[in-house]
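Each chain, written out:
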Amino acid sequence: MQISSFCHLGPSPVRPWHSTQHPMHATGIRPAVRSHHQCRPSLQVPMDSAQDPCRPRAFHAASCRVHRRCTKAYSSVPAAVSQTTNSSGPDLVLEGHGLKHKILVFGIEHTSPQPHIAEYILRERPHAVVVETALTPEHGARPGNTVSCRDRVVEGPGAFFLRMFCQVASALQEEAAAAGGDILATSLWQQVRVGQYRGEQLVYIAALATRSLLVFGDRPKDITYRRLYTVPTLAQLDAGYEAQAAAAYRVMLGEAVPGEMPGRDVAEAGCLVDQILMQEREAVMLSVATSTASGKLPQQCAGSHDVGCDGQGGATQGASAKEGDIVMVVGRAHLPGLKTLWSTDRWRELLGTSGGALEGSRVLTVPPLASVPDKQLGPKRGLLHAVLRLGATDEVLSDLEQTLGPLPDTQRMAYDAVCEIYGVTRVMLSCLPRDLLDKVCQGAPAAEGAGRVDLYAALQPLRDLRPRHGGPGYSEDALTELRALNFDLD
């Protein structure tokens, strides 16, 4: 595996995957987390572009849809998806499937203000706002949970943010009442919209200020982590890593990501990871949104005097409580998936229940952690970290650690080795087919007057090491050689 030269790569070409169920990721405030440097891709400082003809173009992480690569052709169903171009309106409008009301979907960049979404809510006053990210742990305990300023929550960061957002919402209501009732016209809103709040935080404030139901639409994160750990095999996790790496480089080069093209079978390599990480969650979001728009969530009958409620927290037979068009706010990366699942009706198939109900859905069930063989605990945990590390924040990896619990000491060495190996850029390059690798990077001349090193062939030992190709995922020899190749000599 002697390689004369590799490209000096920039930051990992993938979008960030944030931790749902907590507002901290959308602020400048970050909770203290344990560092996972051993799982980070090995990044080298690029030389000047004139010296380094292999240096790729800048990565555009925010616009990458690297997880959406396994869509399947389905027959058309009576559903409609409108993709709007109005910069102040929703990105998608979902209709059909027997739904009398519309689901107005906004895609959000989790760390950007984007006040137009909150202003749409303040202007249109929808009866409910479904969000991907929960405001408090209680809010995110199950899909369809609601949160309001009347709720009593356990003290902690979530309670602090809820109180803060409720105070801002109340102040907006008071100022608007004294100025004709228009919150958008208040001086306080003009300060809030350009202040320190991020997009989802502004959405929370707008929903609380208009007394819209604030509904958690995602699956609890611990279920996603546990399913990612227990459902795929080691080889399937490796295939997911490969698919994400290859898709990210294709996006970087401006090429179509294979999974965006129709006709890909869901059983293809890498798709199981995508299905668990993205599609199953999107199916849950669509189920919650349709139930909310139809007034079928039990939480919508929390008030005993609401029309259509039985006075004991449930809806009366045949009655709908608080129906109407709703707003749904999700990360922009989910927009293609929501559009495809809605137009093909595949979200109901993924849930595996009658009518797309969440009750008893297989996507909310988790095999026991004990189902992972003892000898795979370290390698599988390390590979799962590698998959998430390509696009996740430290908060996500910290949550993963807490959810899965400590590793046995006997598996720590294997875990560390897999993390280190999959954190090296060369492993990402080994995931690329030859044609794509040639576009990203080429070997330097082998000797004066000789041709270039065959980089694809030079990376073959790393491919053989990976579980997808029958390898164990790590070895002492590979680790030693990769460490030696990473030395920078003056």
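Residues numbered from 1 in each chain as written. Predicted model: local features only at pLDDT ≥ 70, side-chain atom pairs only at ≥ 80, totals over all residues. Heavy atoms only, no water.

Draft legend 1. Region of the structure containing the pairing of strand β6 (residues 213-216). The two faces of β6 match: L213 and V215 on one face and L214 and F216 on the other face are all buried. The pairing of strand β4 (residues 128-131) with β6 spans 4 bridges and is parallel. Paired with V130 across the strands is V215, a residue of β6. The sheet contact formed by strand β5 (residues 146-147) and β6 spans 2 bridges and is antiparallel. Across the sheet, residue T146 finds its bridge partner in β6, namely V215. (Buried < 20%, exposed > 50% of the residue type's maximum accessible area, 1.4 Å probe, protein only. Helix = DSSP H or I, 4+ residues; strand = E, 2+ residues; numbered from the N terminus. Pairing = 2+ DSSP bridges.)

Draft legend 2. The state of the cysteines, seen in detail. A full pass over the atoms with the stated rule returns 1 disulfide. One disulfide bridge connects C149 with C166, the sulfur atoms lying 2.1 Å from each other. Sign of the S-S torsion, about -100 degrees for the bond between C149 and C166, identifies this disulfide as left-handed. Taken as a pair, C149 in the loop between β5 and α2 (157-177) and C166 in helix α2 lie far apart in primary sequence, 17 residues in all. (Disulfide = S-S within 2.5 Å.)

Draft legend 3. Structural detail: the packing of helix α5 (residues 221-230) against helix α11 (residues 394-404). Viewed as axis vectors pointing N to C, α5 and α11 meet at an angle of 75 degrees, and their least axial separation amounts to 10 Å. The angle between the axes of α5 and α11 places the two elements in the roughly perpendicular class. Residues K221, D222, Y225, R226 and Y229 of α5 lie in contact with α11, whose contacting residues are V396, D399, L400, T403 and L404. Tallied by class, the residues present in the contact of α5 with α11 amount to 5 nonpolar, 1 polar and 4 charged. (Axes fitted to C-alpha atoms, helices over the stretch in contact; angles between N-to-C directions. Parallel < 35°, antiparallel > 145°, perpendicular 65-115°, else oblique. Contact = heavy atoms within 4.5 Å. Nonpolar A, V, L, I, M, F, W, Y, C, P; charged D, E, K, R; others polar.)

Draft legend 4. Summary view of the layout of surface pockets. Of the volumes computed, that of the largest pocket is approximately 580 Å³. Every residue lining the largest pocket is counted, 26 residues in all, and those nearest its centre are S287, S291, L297, A357 and L358. Those elements that place two or more of their residues in the lining of the largest pocket are α7 (271-293) and α9 (346-351). Tallying contributions element by element places α7 first for the lining of the largest pocket, with 4 residues. Residues belonging to the lining of the largest pocket are distributed by class as follows: 9 nonpolar, 13 polar and 4 charged. (1 Å grid on protein atoms, 1.4 Å probe; cavity = no way out; pocket = protein on both sides within 12 Å on 5 of 7 lines; lining within 4 Å. Points joined across faces, edges and corners; volume = space filled by probe spheres on them.)

Draft legend 5. Seen up close, unusual backbone geometry. Positive phi values are uncommon outside glycine, yet R211 reaches one of about 60 degrees. By the secondary structure assignment, R211 is in the loop between α4 (199-209) and β6. Here D345, not a glycine, exhibits a phi torsion of approximately 65 degrees, which is positive. Along the polypeptide, D345 turns up in the loop between α8 (335-344) and α9.

Worth remembering: the numbers are spatial, not functional.
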